[in-house]
Amino acid sequence: METTWYLVLSAFIFAIGVSGVISRRNPLVVLLCLELMLNAGNLALVAFSRMHGGEAGQVFALIVMVIAACEVVIGLGIIVAMYRNRLPIDIDEMSELRG
Amino acid sequence: MSATSYGWLVLAFPLAGTLIIAFGWRVLPGRVPGWIATSAIFLAFLSSIGALLDLLDRSEEERQLVDTAWTYASTGNFKVGLEILVDPLSVFMCLVVSGVSFLIHLYSVAYMGGDRGYARYFAYLNFFVFSMLLLVLAGNFVILIIGWAFVGAASYLLISFWYRRQTAVAAGIKAFVINVIGDVGLVIAAFLILDNVGSLDFLPVFQTAHDHFATNDSTIVWACLMLLVGAFAKSAQLPLHTWLPDAMEGPTPVSALIHAATMVTAGVYLIARMHPLFELAPTAADIGAILGCATLLFAGTVALVVTDLKRVIAYSTISQIGYMVMGVSMAAYSAGLFHLMTHAFFKALLFMGAGSVIGAMAGIQDMDRMGGFRRAMPFTFVTFAIGALARAGFPGTSGWFSKDEILAFAFNRGGWYAVLGVLGYVGAFLTAFYSFRMVFRVFYGNAVPEAVELESGHVAHGEPMNPMTGEPEDTDVGFPGPEHHVAERAWPMKAAMGPLALLAIVGGYVAIPGVDNVIANFLEPVFADSPLAQDEPSTGAEWLGLVIGGAISIVGIGLAWTIYLRRPGTTARLVERYPWAHRFLEHKWYFDEAYGALFVRPFATFGSFGRRVIETDFVQGTIVGGATGVVRVSTSFARAIQTGYLRAYALLLLVGVAGLTLYFLINSS
């Protein structure tokens, strides 16, 4: 199979992730979409790795998974903290950085 | 141990007392802070005696010792260090200051017993004494100025001690501001001397001053006038005297400390210490003598009509300091310092007696309300009368010897100095009169209810109120407690007043003309270089002066007796007949009003103008408002991007990355 298919699939998944991050207000969904974007990147890395016959891309994919796990831990931690403080679970409500 | 080691100890004990009480007040129970403070000053007094004994062991030429703990700054030939000068003059001052302060501390232990700020009071009191000792032991102008400023700060803290009392806070500020005027004078004088002589250490300056200045050179005259500004502000001489009567807002022992041992004597000490400079600037010294003489007359006349017991004593202090300033400005150094010592004894005693009477009156200070305390308070009466006799210069008391020695010097100088001497005798007459006006009005006459109550064995109690305004006071914070103390019932007060009463009588016997002259002989090495000081009046002239002074004193006391006891009501007739004179004196020659119109009100107007126009409109409105406006307008675009929405940032990031990627892709093809 050609690598192009994998890359197209990866681009689709990445676009789904981006549109989710930009359009959704529930932080849980935003986190899920971030995961989608990361895994789309993973898919592209693995596809290129297979095309070139090297292992570097696969190692990168493993590292990205670890990073993604860490990021989810922090993200869920923030969401739990918001819940504990009885803040609305809505990222548009957290707009204190407005200039 | 050498004299300088004792000198450091003199400074160390009160400082240690201050620090222990200031940091340990939480854990020190009851009257312990008072006893710590008292023993600290007592140890300082013992150290002063140690320094005295060490000096006496040395030959007269070797009695000026300088010791430097460390050097602050050293450039070229110029250096400034933490330096003390131990010589007969500073040891004499240390003895007077620490000795009288010790007794005042002892008195305070009982007198301040019920006060909420007991520990705070003693921490301040020890700091006050430390500052004064630093001032008199200073070996150069820098340390002198430090001690000088410390004394001003400590007086501010103690005058405003009852800080919930509006009048006390105002009085503290007034004292501080006028003292700072004096500090500025002293700093300018030190600068003029440094500029011309190139040194700030006392001994080199005094030894080389005549190489740098011709007699009555305008620079040295200005330097000495600036020194006089400093001295007059601290010593409450005309025209910088207005703070001292107001300083009566502090607790009574504080008044005793300010008036007897510390603070007001600093100006006299300064002039005596700087005598080599003043002798190079006779013009400045003459101005000092004239102003001292004017002050003693002014304060004497005001003391005739003031009805506040403590303020009468305050004006008498101004008047007595006038004698000292006149004396030391006329080169009667040892006579002026002798009067400083005897005055310290009887003035501390008078204030302690007044404190006891005020305690019996439950805080009331108005003499119009007092009377007939003689039987109720025998101890206070006797000691107070002794103090008044000594102040009046009654024959045989200490004030008789010391005051007339100054006047004898004035007549000996001759010329117009003799006029000052005659005016001094006029002042002595006033002193005798108002001293016994006080005694007769407080202790004689019909017994007031408070006195009757005390006779039946119970100290009167009144609602706490401000003695000046009569307003009721908040006793929760920073105010005298509900207790009042009289000397008859508190042994520390008795123990403090007894020795002072004794000293007020016998203190003068150290310098009986023709018999002995302990003070002058001891101070001789300090003033040995002064030709004017060697020209002493003959024994016969001094005795003649003593006889005249004694006669004047007896006449003054007799007049007071006639007016207040034999024919009561005379004063009311006098007031009716000369209302303008009474009003003039009652308003203290309108000094406060004049200063209010000349300085205070214009500055207050300017200040409110500045706040209203300069601060609000110009600074806040134009400068600050303009600057923020410019920034706000110029950043409006950047601020608009910062929406605070997470997805907006994500979108911007995406657009940016996509844009950059496209740019590089297009460029690379």
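Model, not experiment: these values are computed from the prediction.

> Would you take a moment to explain the overall build of chain A for this structure?
In terms of helices and strands, chain A carries 3 helices and 0 strands. Along chain A, helices (α) and strands (β) appear in the sequence α-α-α when read from the amino end. By the compact-globule yardstick of 13 Å for 99 residues, chain A is too spread out, its C-alpha radius of gyration being 17 Å. Along the longest, intermediate and shortest principal axes, the C-alpha atoms of chain A span 50 × 25 × 25 Å. Scored against the burial criterion, the 99 residues of chain A give a buried share of 28%. Within chain A, counting contacts between residues at least 6 apart in sequence, those at least 24 apart form 55% of the total. With an accessible surface of roughly 6800 Å², chain A has 70% of that area assigned to carbon and sulfur atoms. Taken together, the 6 basic and 8 acidic charged side chains of chain A have centroids lying 9 Å from each other.

> Help me understand the overall build of chain B, please; the structure alone is not making it clear to me.
For chain B, the count of helices and strands is 28 helices and 2 strands. For the C-alpha atoms alone, the extent of chain B along its principal axes is close to 125 × 65 × 50 Å. Summarising the internal contacts of chain B: among those between residues at least 6 apart in sequence, 80% fall at separations of at least 24. For chain B, the exposed area adds up to about 26400 Å²; of that, 67% sits on carbon and sulfur atoms.

> Where do I start with the side chain of B:N126 in this structure?
Residue and element names in this part refer to chain B. Here N126 shows up in helix α4 (residues 118–137). A polar contact is formed between the side chain of N126 and the side chain of H105, at a distance of 3.0 Å. Once residues within four sequence positions are removed from consideration, N126 is found in contact with P14, G17, T18, I21, A37, A40, I41 and H105.

> Explanation requested: the packing of helix α11 (residues 264–273) of chain B against helix α14 (residues 309–329) of chain B in the structure shown.
All names here are of chain B. Between α11 and α14, the least distance of the axes is 9 Å, while the angle of their chain directions is 5°. Our classification of the angle between α11 and α14 gives roughly parallel. The residues of α14 that touch α11, namely those facing V264, V268, I271 and A272, are T317, I321, M324, V325, V328 and S329. Split into classes, the residues belonging to the contact of α11 with α14 amount to 8 nonpolar, 2 polar and no charged.

> Looking at this model, I keep getting lost on the environment of B:M263. Mind explaining?
All names here are of chain B. Take M263: it is sitting in the loop between α10 (252–261) and α11. When its relative accessible area of 0% is taken as the criterion, M263 is described as buried. Residues M263 and G113, 150 residues apart in the sequence, show an inter-C-alpha distance of 25 Å. Discounting chain neighbours no more than four positions away, the residues touching M263 are F128, M132, V151, S155, N179, K234, W243 and I258.

> So what exactly am I meant to see when it comes to the pairing of strand β1 (residues 65–75) of chain B here?
Residues and elements named next belong to chain B. Sheet topology note: the β1/strand β2 (residues 78–86) ladder contains 8 bridges and is antiparallel. If you follow A73 over to β2, its bridge partner there is V80. A loop of 2 residues connects β1 with β2, the two strands running antiparallel in sequence, and G76 in this loop sits at a positive phi of about 60°.

> Would you explain the packing of aromatic side chains in this entry?
Centre-to-centre distance and the angle between the planes together describe a pair of aromatic rings. All names here are of chain B. A complete count under the given rule lists 31 aromatic pairs over all chains for this structure. Ring centres of W400 and W543 lie 6.2 Å apart, and the angle between their planes is 65°; this geometry places the pair in the edge-to-face category. Within this pair, whereas W400 is found in helix α17 (residues 398–413), its partner W543 is found in helix α23 (residues 539–566), the two being separated by 143 residues in sequence. A relative accessible area of 33% places W543 in the partly exposed class. Among the aromatic residues, those joined into a cluster by ring pairs are Y118, Y121, F122, Y124, F161 and W162. Positioned over the ring face of F379 is K494, at 5.5 Å from the centre of the ring.

What counts and what doesn't
Residues numbered from 1 in each chain as written. Chains lettered and ligands numbered in written order. Predicted model: local features only at pLDDT ≥ 70, side-chain atom pairs only at ≥ 80, totals over all residues. Heavy atoms only, no water. Helix = DSSP H or I, 4+ residues; strand = E, 2+ residues; numbered from the N terminus. Rg over C-alpha atoms; globule rule 2.2 N^0.38 Å. Buried < 20%, exposed > 50% of the residue type's maximum accessible area, 1.4 Å probe, protein only. Contact = heavy atoms within 4.5 Å. Areas by Shrake-Rupley, 256 points an atom, 1.4 Å probe, with all protein chains shown as cover. Lys, Arg positive; Asp, Glu negative; His and termini not counted. Charge placed at Lys NZ, Arg CZ, Asp CG, Glu CD. Polar contact = N/O pair within 3.5 Å; in protein donor to acceptor, adjacent residues only side chain to side chain. Axes fitted to C-alpha atoms, helices over the stretch in contact; angles between N-to-C directions. Parallel < 35°, antiparallel > 145°, perpendicular 65-115°, else oblique. Nonpolar A, V, L, I, M, F, W, Y, C, P; charged D, E, K, R; others polar. Pairing = 2+ DSSP bridges. Phe/Tyr/Trp six-rings, centres within 6.5 Å; stacked < 30°, edge-to-face > 60°. Lys NZ or Arg CZ within 6 Å of the ring centre and 35° of its normal.

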